[in-house]
Amino acid sequence: MSGNQHQEIIDATVAYVKRELAGAEGGHDWWHIYRVWQQSKQIAAAEAVDMLVVELGALLHDIADSKFHDGDENIGPAKARAFMESLQLPAATIDHVENIIRHISFKGGNNERVFYSPELGVVQDADRLDAMGAIGIARAFNYGGFKNRALYDPAVKPNMNMTREEYKKSTAPTITHFYEKLLLLKDKMNTPTGRELAAERHVFMEQFLERFYKEWGQ
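Below, the structure is looked at part by part. Note that the structure is a prediction, hence the values are computed from the model and not measured. (Residues numbered from 1 in each chain as written. Predicted model: local features only at pLDDT ≥ 70, side-chain atom pairs only at ≥ 80, totals over all residues. Heavy atoms only, no water.)

Section: the packing of helix H5 (residues 91-103) against helix H6 (residues 118-129)
H6 packs onto H5 with a crossing angle of 45° between their chain directions and a minimal axis gap of 10 Å. On the basis of their axis angle, the class for H5 and H6 is oblique. Crossing of H5 over H6 shows right-handed handedness. Taking contact as the criterion, the partners of His96, Ile100 and His103 in H5 are, on H6, Glu119, Leu120, Val123 and Gln124. Residues that form the contact of H5 with H6 fall into these classes: three nonpolar, three polar and one charged. (Axes fitted to C-alpha atoms, helices over the stretch in contact; angles between N-to-C directions. Helix = DSSP H or I, 4+ residues; strand = E, 2+ residues; numbered from the N terminus. Parallel < 35°, antiparallel > 145°, perpendicular 65-115°, else oblique. Left-handed = near helix turned anticlockwise from the far one by under 90°. Contact = heavy atoms within 4.5 Å. Nonpolar A, V, L, I, M, F, W, Y, C, P; charged D, E, K, R; others polar.)

Below, the structure written as structure tokens:
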């Protein structure tokens, strides 16, 4: 595939994602996709990966997030597949990107990894980095407000042994979510670049929590 063909596919995908996510919740909108896309390219520069698969995976990974579709985990992969088929991409590329979309998310619980590729590792690291640091904090509270969740309740303790279904149905305060997901991401990175970037963002989240509790009066 020529460089021009690659760029035409990416340009068409960007236009499609922008249309589909117009008016989306602020933590899962086009700008989330943009950040993950750019971060994926940075991480991929140090990895031996198929760049078209990486870019398509990043751009389409949240095309229909199950959180906003009654927990349906098939609608996103199905929409992405239909779009890629409309571009007449090779079947192997479509299958690979669909697998990335199906397996990228942090779903809570102790789930065994059933699919992995270097391309998934890159996009997953980029997506997880966007759930950490200052951006991650902002996204967490934005989503908490969207779901009308409390900021914090000292009586609600983190549940570190949730099943996948319990995680999906959780209505815990946003601060609790830090312990159930955000602070766990540092040790779940796949690439050296991802681990390096995650370490810095993890420290910032710890500093934020320390300041939060100080201001809360604990």
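Here we look at helix H10 (residues 192-216)
Between its terminal C-alpha atoms H10 stretches 36 Å, which fits the 36 Å expected from 25 residues at 1.5 Å a residue. Residues Thr193, Gly194, Leu197, Ala198, His202, Met205, Leu209, Phe212 and Tyr213 constitute the buried set of H10. Gly217 sits one or two residues past H10 and shows a positive phi near 105°. (Expected span 1.5 Å × (residues − 1). Buried < 20%, exposed > 50% of the residue type's maximum accessible area, 1.4 Å probe, protein only.)

Remarks on unusual backbone geometry
We note that Gln88 has phi near 60°; this positive angle belongs to a residue other than glycine. Judged by relative accessible area, which is 71%, Gln88 ranks as exposed. With a phi close to 55°, Asn148 is a non-glycine residue in the positive phi region. As for its position among the elements, Asn148 is in the loop between helix H7 (133-146) and helix H8 (164-169).

The values are spatial; any link to function lies outside them.
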